[in-house]
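In case you want the letters, here they are:
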Amino acid sequence: MSKQFQFKLVLLGESAVGKSSLVLRFVKDQFDDYRESTIGAAFLTQTVSLEDGTSVKFEIWDTAGQERYKAPMYYRNANCAVVVYDITQSASLEKARSWIRELQRQADPSIIIALCGNKSDLSARRQVSQEEAKKYAEEEGLMWGETSAKSGEGVQDIFTDIAKKLPKSAPPSARTAGGRTATGARQGVDLNKQANATGGQGEQCNC
Amino acid sequence: MHDNEKRPIDATPSPATDCVQLEWDEIRQLSLRPGGLRDRRAELWTKLLHVEPPNISSSSEPDSTSALDGEKSRVVEPHPDERQVRLDTDRSFVLYPVVGDLSERESKQNELNDLIVEVFRKRRELSYFQGYHDIISVLFLTLPKEVQFPAAEKLSLHRLRDSMGSSLEPVIGLLRIVKRVLDCADPEYSASLNHTGKMPYYALSNLLTLFSHDMPTLPLVQHVFDYLLCRHPIAVVYLAAAVLLSRKAEVQRLQEEDEDGMVHSLLSSLPDIYDDYDDEETSIPSEAAVVVHEASSPSVLEESSPSSGASEEALSPNSSNDNYDNDFLSADESETDISSHPDDATLVDESSHTSELDTPSPSMLEDDPTLVSEETTKTLQHLQEPSTAPSGSFHIAPETTYPPEFSPRDEATSAPAQEAGVRRPRIHISALLEQADELLARYPPLDPPVSLEAVMGPNSVMRTWSEDPALLPSDDAAERMVASPHLVVLPPPLEDEEDSEAEKDEQEEREKVERERRHRRRLRKPMRIGSVVVEPKVVVGAALVLGVAMAVYGWQVTPQRHHSHTAGRELLRMCKYLGVSVAALGGRLRDGLVEMANV
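Cut-offs applied
- Residues numbered from 1 in each chain as written.
- Chains lettered and ligands numbered in written order.
- Predicted model: local features only at pLDDT ≥ 70, side-chain atom pairs only at ≥ 80, totals over all residues.
- Heavy atoms only, no water.
- Helix = DSSP H or I, 4+ residues; strand = E, 2+ residues; numbered from the N terminus.
- Buried < 20%, exposed > 50% of the residue type's maximum accessible area, 1.4 Å probe, protein only.
- Contact = heavy atoms within 4.5 Å.
- Areas by Shrake-Rupley, 256 points an atom, 1.4 Å probe, with all protein chains shown as cover.
- Salt bridge = Lys/Arg side-chain N within 4 Å of Asp/Glu carboxyl O.
- Arc of directions from axis to C-beta.
- Core = buried A, V, L, I, M, F, W, Y, C linked by side-chain atoms within 4.5 Å.
- Domains from an automatic or database assignment.
- pLDDT = per-residue confidence, 0-100.
- Polar contact = N/O pair within 3.5 Å; in protein donor to acceptor, adjacent residues only side chain to side chain.
- Axes fitted to C-alpha atoms, helices over the stretch in contact; angles between N-to-C directions.
- Parallel < 35°, antiparallel > 145°, perpendicular 65-115°, else oblique.
- Left-handed = near helix turned anticlockwise from the far one by under 90°.
- Nonpolar A, V, L, I, M, F, W, Y, C, P; charged D, E, K, R; others polar.
- Phe/Tyr/Trp six-rings, centres within 6.5 Å; stacked < 30°, edge-to-face > 60°.
- Lys NZ or Arg CZ within 6 Å of the ring centre and 35° of its normal.

Caption draft 1: Inspection of the overall build of chain A at higher detail. Check the secondary structure of chain A and you find 8 helices and 6 strands. For chain A, the sequential pattern of α-helices and β-strands runs β-α-β-β-α-β-α-β-α-β-α-α-α-α. Out of the 207 residues in chain A, the part that is buried amounts to 65%. For chain A, the proportion of contacts with a sequence separation of at least 24, taken over those separated by at least 6, is 73%. Surface exposure of chain A reaches about 7,300 Å², of which carbon and sulfur atoms provide 45%.

Caption draft 2: Local environment of the overall build of chain B. Counting its regular elements, chain B contains 26 helices and 5 strands. For chain B, with 599 residues in total, the buried portion stands at 62%. Within chain B, contacts between residues at least 6 apart in sequence are counted, and of these 79% link residues at least 24 apart. When the accessible area of chain B is evaluated, it comes to approximately 22,500 Å², of which 53% is carbon and sulfur surface.

Caption draft 3: Just the pattern of salt bridges, in detail. All names here are of chain B. Across all of its chains, the model carries 32 salt bridges over all chains by this definition. A salt bridge links Glu-43 to Arg-40, with the shortest nitrogen-to-oxygen separation between them at 3.5 Å. Owing to a relative accessible area of 35%, Glu-43 belongs among the partly exposed residues under this scheme. For Glu-82, the salt bridge is made with Arg-121, and the minimal N-O distance between the two is 2.7 Å. Of this pair, Glu-82 sits in helix α6 (residues 82-89) while Arg-121 sits in helix α7 (residues 102-122), placing them 39 residues apart in sequence.

Caption draft 4: Region of the structure containing helix α1 (residues 19-28) of chain A. Residues and elements named next belong to chain A. Counting buried positions along α1 gives 10 out of 10 residues, so the element sits mostly inside the fold. Residues of α1 that are buried include every one of Lys-19, Ser-20, Ser-21, Leu-22, Val-23, Leu-24, Arg-25, Phe-26, Val-27 and Lys-28, and no others. Where α1 is buried, its residues touch β1 (4-13), β2 (41-49), β3 (55-63), β4 (80-86), β5 (112-118) and α5 (155-165). Looking one or two places after α1, you find Asp-29, whose phi comes out positive at around 55°.

Caption draft 5: Broad picture of helix α4 (residues 130-140) of chain A. Residue and element names in this part refer to chain A. Those residues of α4 not exposed but buried are Ala-133, Tyr-136 and Ala-137. Taken end-on, α4 shows its buried residues confined to a sector of 100°, consistent with a single buried face. The exposed set on the far side of α4, more than 90 degrees from its buried face, consists of Glu-131, Lys-135, Glu-138 and Glu-139. Looking at the buried side of α4, the elements it contacts are β4, α3 (90-106), β5 and β6 (143-146). Phi turns positive, to about 70°, at Gly-141, one or two residues after α4.

Caption draft 6: Representation of the nonpolar core. Core analysis: the largest hydrophobic core is formed by 114 residues, its most contacted members being Tyr132(B), Ile177(B) and Val237(B). For this core, the leading source of residues is helix α14 (residues 235-246) of chain B, giving 11 residues. Taken domain by domain, this core gets at least three of its residues from each of domain 1 (24-53 + 79-163) and domain 2 (168-278 + 424-500) of chain B. In contact with Ile177(B), not counting residues within four places along its chain, are Ile234(B), Val237(B), Val450(B), Leu452(B), Val455(B) and Met456(B). Formed by 31 residues, the second largest nonpolar core is a distinct cluster that contains Leu11(A), Leu50(A), Ala114(A) and Val155(A).

Caption draft 7: How the structure looks around the confidence of the model for chain B. Residue and element names in this part refer to chain B. The predicted model of chain B averages 66 in pLDDT, with 50% of residues at 70 or higher. A low-confidence stretch, residues 56-68 stays under pLDDT 50, and its non-local contacts, those more than four residues away or across chains, total 12 contacts. Note on residues 279-374: pLDDT under 50 across the span, and 335 contacts to partners over four residues away in sequence or across chains. In the predicted complex, the global pTM is 0.68; the interface-specific ipTM is 0.81.

Caption draft 8: Highlighting the side chain of Gln6(A). Position of Gln6(A) relative to the elements: it lies in strand β1. A polar contact is formed between the side chain of Gln6(A) and the side chain of Glu59(A), at a distance of 3.3 Å.

Caption draft 9: Structural context of the packing of α7(B) against helix α9 (residues 145-160) of chain B. All names here are of chain B. Here α7 crosses α9 at 50°, and the two axes come no closer than 10 Å. Between α7 and α9, the angle falls in the class oblique. Classified by chirality, the crossing of α9 by α7 is right-handed. Contacts from Glu-111, Leu-115, Glu-118, Val-119 and Lys-122 of α7 reach α9 at Lys-145, Gln-148, Phe-149, Ala-152, Glu-153 and Ser-156. Residues of the contact of α7 with α9, tallied by class, amount to 4 nonpolar, 2 polar and 5 charged.

Caption draft 10: How the structure looks around unusual backbone geometry. Residues and elements named next belong to chain B. Along the chain, Pro-448 connects to Pro-449 via a cis peptide bond; the corresponding omega equals 5°. By the element assignment, Pro-449 lies in the loop between α20 (429-442) and α21 (461-464). The residue Phe-211 is not glycine, and still its phi comes out positive at about 70°. When you line up the elements, Phe-211 lands in the loop between α12 (204-209) and α13 (218-229). Given a relative accessible area of 0%, Phe-211 falls into the buried group.

Caption draft 11: The arrangement of the packing of aromatic side chains in detail. In this structure the tally under the stated criterion is 12 aromatic pairs over all chains. Considering the side-chain rings of Tyr75(A) and Trp99(A), the 6.3 Å spacing of their centres and the 85° angle between planes classify their relative orientation as edge-to-face. Linking Tyr75(A) in helix α2 (residues 72-76) with Trp99(A) in helix α3, this pair joins segments that are 24 residues apart in sequence. Accessibility expressed as a relative area gives 1% for Tyr75(A), which makes it buried. Note on Phe120(B) and Tyr128(B): the rings are 6.0 Å apart at their centroids and 75° apart in plane angle, and the pair reads as edge-to-face. In terms of burial, Phe120(B) and Tyr128(B) fall into one category: buried. Taken together through their ring pairs, the aromatic side chains of Phe120(B), Tyr128(B), Phe129(B) and Tyr132(B) make up a single cluster. Note that Arg426(B) overlies the ring of Tyr274(B), its terminal NZ or CZ placed 4.1 Å from the centroid.

Below you can see the structure in the form of structure tokens.
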């Protein structure tokens with residue numbers, strides 16, 4: 001009987017870098033050449049088994065890339081974040097940097113951040129060198145890897161590496177029963193707090 | 001052509017007059033029928049959007065407005081959002097299939113991109129939001145070329161405008177209204193959803209995109225547009241509520257299984273909606289439902305290859321998934337964990353955004369309060385005629401239980417639910433639309449507890465829209481309205497970012513005040529907006545004091561927008577001090593007070 005741990009993971013990054021494709025590869029091992037933009041965010045889950053017999057269930061928030069959808073609620077209670085850029089678009093690394101700065105400023109200090117250069121199958125059009133990204137990741141203490149959602153290369157690795165790195169000292173029950181992080185993750189939603197502030201208005205309706 | 005005498009204005013019925021003469025009620029009835037507006041669709045959409053017939057608008061030079069418009073449309077400087085538009089149009093037409101081969105799709109994408117860019121270059125104050133491209137793609141695929149641009153422009157300025165400012169806040173306001181409608185329609189169900197989050201964020205995509213992002217087929221989304229375009233813009237809120245109500249059984253099952261988290265995902269997908277008419281076009285006509293790159297597949301139900309996820313985001317309720325036996329999972333397969341279901345990846349949820357929720361100033365009085373015209377009231381009140389339908393129950397077609405190979409792929413939740421024998425409702429679109437109408441009639445937007453005007457500001461399309469084009473703000477005025485977001489949506493009850501105990505207390509206090517206010521209001525008959533004398537009496541003392549202060553303060557600074565913005569911040573602070581929500585004051589009180597102040 002393996003222990004299962006549950007963590008909230010958020011995907012961030014500029015529009016069209018392949019966040020949803022990365023998740024689709026991770027969760028379903030599929031790839032679409034054509035994929036619609038994400039509106040708002042998508043929620044999904046996937047479980048990773050580790051060699052030590054434990055398993056990690058990721059509750060994944062796949063967010064829309066446009067600035068206006070930027071919502072702290074998605075990462076506020078996140079245990080880990082995958083910040084994605086497109087290796088063929090140097091501007092997308094800049095965007096990733098700004099996300100990382102925001103996470104470092106706003107998110108839980110213990111959050112594990114992985115910087116992920118996607119579209120590695122398009123290395124002929126590469127604008128972001130591995131050295132540059134890796135150096136930046138080391139400076140900031142981030143995990144780093146390149147992936148191709150299209151070929152699948154590196155995708156499983158990056159999530160498994162995160163799963164390994166996540167703290168599993170607390171028993172699963174503690175994580176799901178306890179503090180706000182676990183509560184948010186358990187429910188797959190971290191919107192409660194905001195909702196608390198606004199949701200009470202209709203409660204007294206007697207009609 | 002510059003000679004007005006050749007075309008005497010008052011002798012020729014203006015296009016506007018034509019529009020006024022639209023038989024709105026008749027069209028509304030028609031929109032409920034199977035197939036919706038059918039072959040009259042393009043003609044009627046054009047009229048419903050108050051688009052001038054192209055032959056007139058193209059030939060009218062003397063009008064200074066159209067001359068100006070012409071000037072504006074020639075501006076070639078790119079709009080700041082064009083890059084984002086391109087990113088999205090490059091990924092468009094995945095769901096609504098129009099073409100079979102790549103080059104044809106690319107050319108459609110380019111045309112769509114051009115259409116959207118044209119709107120933003122002309123209406124530069126507007127901002128693009130992801131999902132707007134889905135809406136415009138429906139116009140693009142429905143209307144003749146010559147009216148696509150004016151229709152997109154009118155739609156943007158007078159119906160979509162709230163979402164085309166700098167933030168998502170206005171649509172968050174609509175979510176609050178959805179919540180209120182749910183509270184009324186099914187308090188128990190609504191309360192049970194609070195486990196997932198008190199705000200119905202799962203409805204965000206549908207509100208933002210008028211269902212165009214998630215409806216699985218073009219005919220279905222066209223039918224939804226048929227319904228929406230001949231109604232007040234608030235109708236989308238009631239339709240969203242109707243959709244959420246239709247999922248009740250599934251939600252309850254998930255809750256029994258302690259899968260609250262997945263409720264969120266379930267509700268962000270659509271039920272199995274179908275349409276049937278003429279025995280031909282159904283909810284999945286083959287020419288419409290097939291994902292583009294698999295155009296050879298006879299139907300969505302059969303098309304499903306490992307790479308068929310192109311329509312994942314589409315969440316096609318009619319589509320299936322035969323990828324159940326996904327062997328990718330490394331986790332022990334014995335677990336019944338829903339996460340191991342491959343369909344997990346398809347769930348679209350919504351976002352929101354809290355970062356700016358506390359920034360808008362409540363200086364709602366700084367602008368012209370007369371924007372909330374009597375006409376607006378009237379327009380909204382036509383929605384409020386009592387429903388003759390006695391039943392609040394859903395008219396749902398015979399339910400279908402999907403065999404495993406037909407499992408709906410849009411719900412991760414469907415796996416456990418189906419295993420437990422929960423049926424997925426199959427709903428005729430007409431029933432859904434009628435249900436929305438019924439909700440609209442039963443819980444009118446202006447009356448408590450829905451109280452639209454306590455949520456949306458005077459510049460919201462929800463308050464400026466009118467059937468009569470003469471009563472709409474001018475196109476230019478409408479464009480300018482996005483620059484004052486605090487007049488589009490009123491500040492929500494003060495947000496507590498950090499959930500501290502003190503803030504919880506504050507929240508409870510606010511709720512208490514709100515409850516009291518509501519209670520007192522219930523004791524009275526609903527009154528029209530602008531009733532000056534009576535309304536203040538129903539408000540608790542603190543709110544009244546604050547309201548008067550706001551009215552006077554706001555009135556004094558009205559001429560200077562910049563100052564009043566600061567004043568708004570002051571007011572916000574004052575509100576916080578008093579522990580009274582600005583929004584709780586309600587539109588009626590505010591309007592009444594403005595009138596008092598102006599006397």
